[in-house]
Amino acid sequence: ELKVEQNPLFLSMQEGKNYTIYCNYSTTSDRLYWYRQDPGKSLESLFVLLSNGAVKQEGRLMASLDTKARLSTLHITAAVHDLSATYFCAVDTMNYGGSQGNLIFGKGTKLSVKP
Amino acid sequence: SQTIHQWPATLVQPVGSPLSLECTVEGTSNPNLYWYRQAAGRGLQLLFYSVGIGQISSEVPQNLSASRPQDRQFILSSKKLLLSDSGFYLCAWSRQAPYGYTFGSGTRLTVV
C-alpha cells in the first residue's frame with residue numbers, strides 16, 4: 001500500500017524566513033504533485049514533477065523530486081502572508097507509460113505566515 | 001482548453017435522504033475521472049475512479065456509489081445519507097498521460 005507522509009503538518013513562519021516542507025512516500029513512483037488549498041476552496045496545482053531530479057520554481061516556491069530517496073521537498077523562500085494556505089503533496093500510482101492511476105495524498109501542511 | 005464543472009457548490013441534506021453530485025469535463029475526450037472526499041481538517045481520500053463509460057472502480061467500501069453514463073460525466077450518488085458522509089467532495093480529471101490532475105471547485109456536503 002502506497003503511503004505518503006508529509007511533515008510538518010503545521011508550520012508557523014515569520015515573513016521573510018525560509019523553510020522546507022518534506023514529502024516522503026513508500027513505493028516507487030516517478031510522478032509527484034504539489035497542490036495548494038485555501039480555506040473552503042478546491043485544490044490549485046502548483047507543481048508537476050515527472051522525473052528523478054526534477055526541480056521547478058514559481059515565485060517564492062521551489063519543488064524538487066528525488067525518486068531514489070522517495071522524497072520531494074517544497075522550499076519556501078522569504079515567506080509572505082499570501083503564502084498562507086494548506087499545501088498537499090500527492091503521489092501518482094500510474095506507472096510511466098501506463099494509462100490508469102490515481103493520486104495518494106499526504107495529510108497536508110497548514111502554513112501560516114505571520115508579519 | 002479543458003474545464004471541469006462540479007455542482008452544487010453547497011448542499012445541506014437530512015440523514016436518510018438521497019444524494020446526487022455531478023461533474024462534467026469539457027474540451028477533452030476519454031478522460032480519467034475521480035471522486036475524492038476531504039473530511040473536516042483531514043486529507044483527501046479517493047472514493048471512485050473511472051477510465052471509461054460504465055467503468056467504475058471503488059477504493060473504499062461505503063455508503064456511496066458512482067456512475068459514468070457519458071464520456072465526460074461522472075456522478076456520485078447515495079440512496080440514504082449518513083452523518084459520516086459530510087465532507088468536501090472533489091471531482092478531478094486526468095489525461096491518460098503524465099499531465100497532472102485537475103480538480104473541480106468542490107461540493108461542501110453537510111448531512112444533518
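Refer to the structure presented above.
Report follows, based on the coordinates. Note that the coordinates shown come from a computational prediction; the quantities given were computed from them, not determined experimentally.

As for the overall build of chain B
Here is step 1: Tallying secondary structure elements over chain B gives zero helices and eleven strands in all.
Here is step 2: Tracing chain B from N to C terminus, the helices and strands come up as β-β-β-β-β-β-β-β-β-β-β.
Here is step 3: For 112 residues, the compact-globule estimate of 2.2 N^0.38 gives 13 Å, and the C-alpha radius of gyration of chain B, at 13 Å, lies within 12% of that figure.
Here is step 4: By its C-alpha atoms, chain B is 40 × 25 × 20 Å across when sized along the principal axes.
Here is step 5: Counting over 112 residues, chain B shows a buried share of 48%.

Quick look at the environment of G27 of chain B
All names here are of chain B.
Here is step 1: Structurally, G27 can be placed in the loop between β3 (19–26) and β4 (32–38).
Here is step 2: Taking the C-alpha atoms as reference points, G27 and Q2, separated by 25 residues in sequence, lie 4.4 Å from one another.
Here is step 3: Apart from the residues lying within four places of it in its own chain, the contact partners of G27 are S1, Q2 and R72.

Quick word on the sheet that holds strand β1 (residues 3–7) of chain B
Residue and element names in this part refer to chain B.
Here is step 1: Sheet architecture is open: four strands sit in the order β1-β3-β8-β7, paired in antiparallel fashion. The open sheet has two edge strands with one neighbour each: β1 and β7 (65–70). Averaged over all neighbouring strand pairs, the angle between strand axes comes to 20°, with direction disregarded.
Here is step 2: Relative to β3, β1 runs antiparallel, the two being bridged by five bridges. Bridged to T3 within β3 is E26.

Some thoughts on the layout of surface pockets
Here is step 1: Estimates place the volume of the largest pocket at around 1,300 Å³.
Here is step 2: Contributing to the lining of the largest pocket are 44 residues, with K107 of chain A together with Q38, R42, G43 and L44 of chain B lying nearest its centre.
Here is step 3: Put simply, the parts of the chain that give the lining of the largest pocket at least two residues each are β9 (85–92), β10 (103–105) and β11 (109–114) of chain A together with β4, β5 (44–52), β9 (87–94) and β11 (107–111) of chain B.

Examining the interface of chain B and chain A
When the parts of a complex come together, some accessible area is lost, and that lost area is often used as the size of the interface.
Here is step 1: Facing the 21 residues of chain B at the interface are 21 residues of chain A.
Here is step 2: Taken together, both faces of the contact between chain B and chain A bury some 1,700 Å²; the carbon and sulfur share is 58%.
Here is step 3: Where chain B packs against chain A, one counts zero salt bridges.
Here is step 4: Linking chain B with chain A are five residue pairs in polar contact (both at pLDDT 80 or more), by the criterion used here.
Here is step 5: Here the side of chain B that touches chain A is built from residues that sort into twelve nonpolar, seven polar and two charged.

What to know about the packing of aromatic side chains
Between two aromatic rings, the relevant description is the distance of the centres plus the angle of the planes.
Here is step 1: In this structure the tally under the stated criterion is eleven aromatic pairs over all chains.
Here is step 2: Ring plane angle 45° and centroid distance 6.0 Å describe the contact between Y35 of chain A and F105 of chain A, whose orientation is recorded as tilted. Within this pair, whereas Y35 of chain A is found in strand β4 (residues 32–37), its partner F105 of chain A is found in strand β10, the two being separated by 70 residues in sequence. Grouping residues by exposure puts Y35 of chain A and F105 of chain A together as buried.
Here is step 3: Geometrically, the ring pair formed by Y34 of chain B and Y101 of chain B is tilted, given 5.2 Å between the ring centres and 55° between the ring planes. Placement of the pair is Y34 of chain B in strand β4 and Y101 of chain B in strand β10 (residues 101–103), with a sequence separation of 67 residues. We note that Y34 of chain B, like Y101 of chain B, is buried.
Here is step 4: Pairwise contacts between aromatic rings join Y33, Y35, F88 and F105 of chain A together with Y34, Y36, Y49, Y101 and F103 of chain B into one cluster.
Here is step 5: Its guanidinium or amino end placed over the ring of F88 of chain B, R108 of chain B lies 4.4 Å from that ring's centre, counting from NZ or CZ.

Reading guide: rules and limits
- Residues numbered from 1 in each chain as written.
- Chains lettered and ligands numbered in written order.
- Predicted model: local features only at pLDDT ≥ 70, side-chain atom pairs only at ≥ 80, totals over all residues.
- Heavy atoms only, no water.
- Helix = DSSP H or I, 4+ residues; strand = E, 2+ residues; numbered from the N terminus.
- Rg over C-alpha atoms; globule rule 2.2 N^0.38 Å.
- Buried < 20%, exposed > 50% of the residue type's maximum accessible area, 1.4 Å probe, protein only.
- Contact = heavy atoms within 4.5 Å.
- Pairing = 2+ DSSP bridges.
- Axes fitted to C-alpha atoms, helices over the stretch in contact; angles between N-to-C directions.
- 1 Å grid on protein atoms, 1.4 Å probe; cavity = no way out; pocket = protein on both sides within 12 Å on 5 of 7 lines; lining within 4 Å.
- Points joined across faces, edges and corners; volume = space filled by probe spheres on them.
- Buried area = accessible area lost by both parts, 1.4 Å probe.
- Salt bridge = Lys/Arg side-chain N within 4 Å of Asp/Glu carboxyl O.
- Polar contact = N/O pair within 3.5 Å; in protein donor to acceptor, adjacent residues only side chain to side chain.
- Nonpolar A, V, L, I, M, F, W, Y, C, P; charged D, E, K, R; others polar.
- Phe/Tyr/Trp six-rings, centres within 6.5 Å; stacked < 30°, edge-to-face > 60°.
- Lys NZ or Arg CZ within 6 Å of the ring centre and 35° of its normal.

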